[in-house]
Every structure is written in structure tokens, then in C-alpha cells.
Amino acid sequence: MIEPLPDLLIAPVVRAALTEDLGRAGDVTAQACVPADARLKAVFAARKAGVVSGLACARLAIAQMDPSADFRAVVEDGDTLGPGDKLAWVDANARALLSAERTALNLLGRLCGIATLTAQYVHAIEGTGALIVDTRKTTPGLRALEKYAVRCGGGVNHRFGLDDAILIKDNHIAACGSVGEAVRRAKAAAGHLMKVEVEIDGLPQLEEALKYGPDVVMLDNFTLEDLAEAVKRTAGRATLEASGGVNLETVRAIAETGVDVISVGALTHSVGVLDIGLDAA
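Read on for an overview of the structure. (Residues numbered from 1 in each chain as written. Predicted model: local features only at pLDDT ≥ 70, side-chain atom pairs only at ≥ 80, totals over all residues. Heavy atoms only, no water.)

Concerning the sheet that holds strand 7 (residues 166–168)
Moving on, step 1. Pairing in this open sheet of 6 strands is parallel, and the strands run 6-11-10-9-8-7 from one edge to the other. The open sheet has two edge strands with one neighbour each: strand 6 (131–133) and strand 7. Averaged over all neighbouring strand pairs, the angle between strand axes comes to 25 degrees, with direction disregarded.
Moving on, step 2. Two strands pair when backbone bridges link them, and strand 6 and strand 11 (residues 261–263) are joined in this way by 3 bridges, in the parallel orientation. By the bridge assignment for strand 11, leucine 131 is matched with valine 261.
Moving on, step 3. Those strands touched by helix 7 (residues 179–189) are strand 7 and strand 8 (196–200), and its axis lies near 170 degrees from that of strand 8. (Pairing = 2+ DSSP bridges. Helix = DSSP H or I, 4+ residues; strand = E, 2+ residues; numbered from the N terminus. Axes fitted to C-alpha atoms, helices over the stretch in contact; angles between N-to-C directions. Contact = heavy atoms within 4.5 Å.)

Structural data, given as C-alpha cells:
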């Protein structure tokens, strides 16, 4: 079971999305066509196969418009869906439900899309021992939700932001003068709970980096042969993360080199939504 995000964390995102959609005058179509006291029963259903994530977004979007709405999920985040499978039933004020519909579907569809793609990557490397992790290439304002969706798909979260781990990239190295000096400074500054990762772009940098004891070494755009050689040379002295050139066609071979972690920016930066509809029942 996936540990759900607290409503307190999700609600501000949902409110902002509703505010954007309602604009200055609210849902003028619903106001014009639907009696104020009318009720509507509807069902959320998948049009395609996928993995569930974001049910709370749909529930909270509807509850913002109608606090008395009855929202009953019939699946849980992390569950697998087939075409036509139902996710939830809702009984609410008709105007409220129609006004919340697009916000609910936008968030639910995107998070299900991320969970679905993540699950495909996880399945592709099954049995290798490697982990699929996300990146910070998320939609502004939606990071907590999108990283939650990665977990729903069986992936693992990389650092959440700039403040929870040190990750030395190529420009940091350029500013410091060398890989070794950058790692040395980072290790000196890091507290006992702070991990240090360094990105390298070739085998010549590996031994220099390892000499200063980074927790993780990111192997950026390495060939399969160089990934395997890096695993051999490192011999367990650091966690090895493969990054760059990762897609569903290449990820299995990357995992089979023996790296520990594979980071995939596409999980959040270029994912499609899962097609989910809200249909009157």
C-alpha cells in the first residue's frame, strides 16, 4: 500500500487550479444551464490501462466546490487499471461537480500517467536489482504530487529539492576547478545526515571522485561498456547512478551493467496523461 499524501499538502494545489479555472465569474455554463439545487451522480473511469495515482486530488477538487459531496473510491493509488475500470463514484451538487470536473481530471490524469510510465520502467528492469528514480524535472508547483505518483508506480524518489542532498554537477565542478576539489569541499560542509553525490562524464574522473568518498556517483551519458567498467572499478565504494540516454528501449541494458540506480527525467518532464473520463451515472 502506498502511503498517501496528507490532504493538507494537496489542498493548496487543488485550490490554485480551481481558482485558475473558475476565473472572475465562476462556471458561467453551469450557472446558465443547471438549476442551483440539482444533483448529479457520476463515475470516474479509465479509457486505457494504467496505474492509479491522484484520487485525493479529484476528491478534494469536488469537495472544494461542494463540501457535502459523496466521493467513494473503488480502487487505491498504486492499483492497476484496465480499460473501462472504474476509479470512483461521486454524488454531488451538479453545478459544483461540473465546475470541478476539469481540475479533477487534469490532476488525476497527469498523476496516473506518471505512475503508469514509472511502472513500465520498473517492469522493464525487473530482476536486475537496480532502482528507477525520478529527478527534479517536475512541473512547477506540482513536485510533491508528481513524486508521489512516481512512488505509486513503483519508483523511488531522488532528492526533493536543492536543500536535502548535495549534488555536484558539471558547472559546480567548473567553478571549483576539479572533481576532487568539489567533492572535498562538499564532504567538509555536509553534516552527518547529508549525502553527497557527484556527476561525472567519463571514466577518468571516477577515481579522482572516489578518492574523496562521495556517497553516490552519477554516471552521465556513459556507454554500456563504460557503465560496466565503472561498476567494476568502484567495487561497492559508492552507489552508482546512471543518467542520460534512458528510455524504455535502453533501460534494461543499462540496468544489466550492474549500476544501482537509474534516473529518468522523462517520468515527469515529458509524460502523457492517462485518459480518464467522468461520466454521468
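Here's the deal with the pattern of salt bridges
Moving on, step 1. Taken as a whole and assessed by the stated rule, the structure comprises 12 salt bridges.
Moving on, step 2. Among the ionic pairs, arginine 59 bridges to aspartate 7, the shortest N-O distance being 2.8 Å. Taken together, the residues arginine 59 in helix 3 (residues 55–65) and aspartate 7 in helix 1 (residues 7–22) connect sequence positions 52 residues apart.
Moving on, step 3. On the accessibility criterion, aspartate 7 (31% relative accessible area) is partly exposed.
Moving on, step 4. Three or more residues joined by partner-sharing salt bridges are found here, namely Glu181, Arg184 and Arg185. (Salt bridge = Lys/Arg side-chain N within 4 Å of Asp/Glu carboxyl O. Buried < 20%, exposed > 50% of the residue type's maximum accessible area, 1.4 Å probe, protein only.)

Some points on the environment of lysine 41
Moving on, step 1. Its place among the elements puts lysine 41 in strand 1 (residues 39–46).
Moving on, step 2. For the pair lysine 41 and leucine 278, spaced 237 residues apart in sequence, the C-alpha to C-alpha distance is 10.0 Å.
Moving on, step 3. When sequence neighbours within four positions are dropped, the list of residues in contact with lysine 41 reads Val90, Asp91, Asp279, Ala280 and Ala281.

Describing the sheet that holds strand 3 (residues 70–73)
Moving on, step 1. Strand order in the open sheet made by the 4 strands is 3-5-1-12, with antiparallel pairing throughout. Two strands close off the open sheet at either side, each with one partner strand: strand 3 and strand 12 (276–280). In this sheet, neighbouring strand axes are inclined to one another by 15 degrees on average, regardless of whether the strands run parallel or antiparallel.
Moving on, step 2. Pairing geometry for strand 1 and strand 5 (residues 86–93), over 7 bridges, is antiparallel. Counterpart to lysine 41 in the pairing with strand 5 is aspartate 91.
Moving on, step 3. Set on the sheet, helix 3 makes contact with strand 1, strand 3 and strand 5; between it and strand 3 the angle comes to about 170 degrees.

So, the pairing of strand 1
Moving on, step 1. Both strand 1 and strand 12 contribute to a ladder of 5 bridges, which runs antiparallel. From the neighbouring strand, phenylalanine 44 faces strand 12, where its bridge partner is leucine 278.

Purely geometric numbers; function is a separate question.
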